[in-house]
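Topology and contacts: notes
One-letter residues, chain by chain:
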Amino acid sequence: MMQFFDRIVSETVQSGVEPLQLSFTGIRDCYTGANVAYLTDTDVFCSATGKISDSYIEKIDLTETGKDFSLRNLIKAMRCVKELTDKKKKAAWISVRATTSFLTQNDLYSVVKTAVEKENFSQPEKICVELSENIFSADRESVRKGIADLKVLGFKTLISGFAADGFPTSSLLDISIDVVVLAPEITALATDRNKPGVLDSLVRFARSMDVQVVGKDALDDDVIRELNKAECFGFIPASSYYGKFEPPKGKRPFSEILEEKED
């Protein structure tokens, strides 16, 4: 499978089509509405068929191909951070998707260190490596070692879907993640009068372990106000958001991020 992946990437590069492209979703400050960071998704393009279905990441999460994909993805993120720095963008970090197979490989430290040195990259703290919930069912020691290796090199880690039904919230007690993104249904609890205090309690739990929290799919200013009170790092507006802020919504290409004016 990895040979097939490499062949597709090689053919695509030769065709002039960039095989991996990051699309950016802004994270906004809960008080000012200013952009503070970005989540990214990786669009994979094939010269023969165009964009590959977004479900590819789940299929390669535990495979050798996933390791190769993740390294290429991380290198892409390094280059994006360099361009953002050149443009004097203020974003604290950008996320980048990586697979469980990438995290749990035996030589993760040396693989990533070599890539950092080859790219002459000096800002690892500006990259959050986004992992999937699969890490909670993988070998625990391998997961902890992988996260420790990334931290030693200066990278952060992130997981989305925090506190969703089935999310092993207590696992954060011994797996040290830096950032969590709330599941949309948890963000919605901010203004649920039938469940007062639930959101605040969940955020306090994460914050007690020095984990930053991002609210996803904030519908209005009341939700954002509650996220701010709970000391969330930021929010991602829902596609139907309405209120005093006017943030760009949805995924955007890197070219737009580079040209976006900041306050």
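All of these numbers come straight from a predicted model, not from anything done at the bench.

Side note on the pairing of strand E1 (residues 20-28)
When you tally the buried positions in E1, you get 8 out of 9 residues, the bulk of the element. By the bridge criterion, 2 bridges tie E1 to strand E10 (residues 252-253) in an arrangement that is antiparallel. Across the sheet, the residue bridging to Phe 24 is Arg 252, located in E10.

Some details on helix H5 (residues 108-119)
Counting along an α-helix, one turn takes 3.6 residues, and residues three or four places apart therefore face a common direction. Between its first and last C-alpha atoms H5 spans 17 Å; for 12 residues at 1.5 Å apiece the expected length is 16 Å, and the two agree. Of all the residues in H5, the buried ones are Leu 108, Val 112, Ala 115, Val 116 and Glu 119. Projected down its long axis, H5 carries its buried residues within an arc of 100°, all on one side. Summarising the geometry of H5, the exposed residues directed more than 90 degrees from the buried face are Glu 117 and Lys 118. For H5, the secondary structure elements touched by its buried residues are helix H3 (64-86), helix H4 (100-103) and helix H6 (140-152).

Considering the packing of H3 against H5
Two elements in contact, H3 and H5, have axes separated by 11 Å at closest approach and are oriented at 35°. The way H3 lies across H5 gives a crossing that is right-handed. Contacts between H3 and H5 involve Leu 71, Leu 74, Ile 75, Met 78, Arg 79 and Lys 82 from the first element and Val 111, Val 112, Ala 115, Val 116 and Glu 119 from the second. In terms of residue class, the contact of H3 with H5 is built from 8 nonpolar, no polar and 3 charged.

A few points about the environment of Glu 133
By secondary structure assignment, the location of Glu 133 is in the loop between strand E5 (127-131) and H6. Given the relative accessible area of 35%, Glu 133 is considered partly exposed. The spacing of Glu 133 and Gly 161 is 28 residues in sequence and 8.4 Å in space, taken between C-alpha atoms. Excluding anything up to four places from it in sequence, Glu 133 contacts Ser 160, Gly 161, Gly 166, Phe 167 and Pro 168.

Details of the side chain of Thr 99
With respect to the helices and strands, the residue Thr 99 is situated in the loop between strand E4 (94-97) and H4. Under the relative-accessibility criterion, Thr 99 is labelled buried at 1%. Reaching out from Thr 99, the side chain makes a polar contact with the backbone oxygen of Gly 66 at a distance of 3.1 Å. Leave out the neighbours within four places in its chain, and Thr 99 touches Ile 57, Ile 60, Asp 61, Gly 66, Lys 67, Phe 69, Ser 70 and Leu 131.

How each quantity is defined
Residues numbered from 1 in each chain as written. Predicted model: local features only at pLDDT ≥ 70, side-chain atom pairs only at ≥ 80, totals over all residues. Heavy atoms only, no water. Buried < 20%, exposed > 50% of the residue type's maximum accessible area, 1.4 Å probe, protein only. Helix = DSSP H or I, 4+ residues; strand = E, 2+ residues; numbered from the N terminus. Pairing = 2+ DSSP bridges. Expected span 1.5 Å × (residues − 1). Arc of directions from axis to C-beta. Contact = heavy atoms within 4.5 Å. Axes fitted to C-alpha atoms, helices over the stretch in contact; angles between N-to-C directions. Left-handed = near helix turned anticlockwise from the far one by under 90°. Nonpolar A, V, L, I, M, F, W, Y, C, P; charged D, E, K, R; others polar. Polar contact = N/O pair within 3.5 Å; in protein donor to acceptor, adjacent residues only side chain to side chain.

Purely spatial values, then, with no claim about function.
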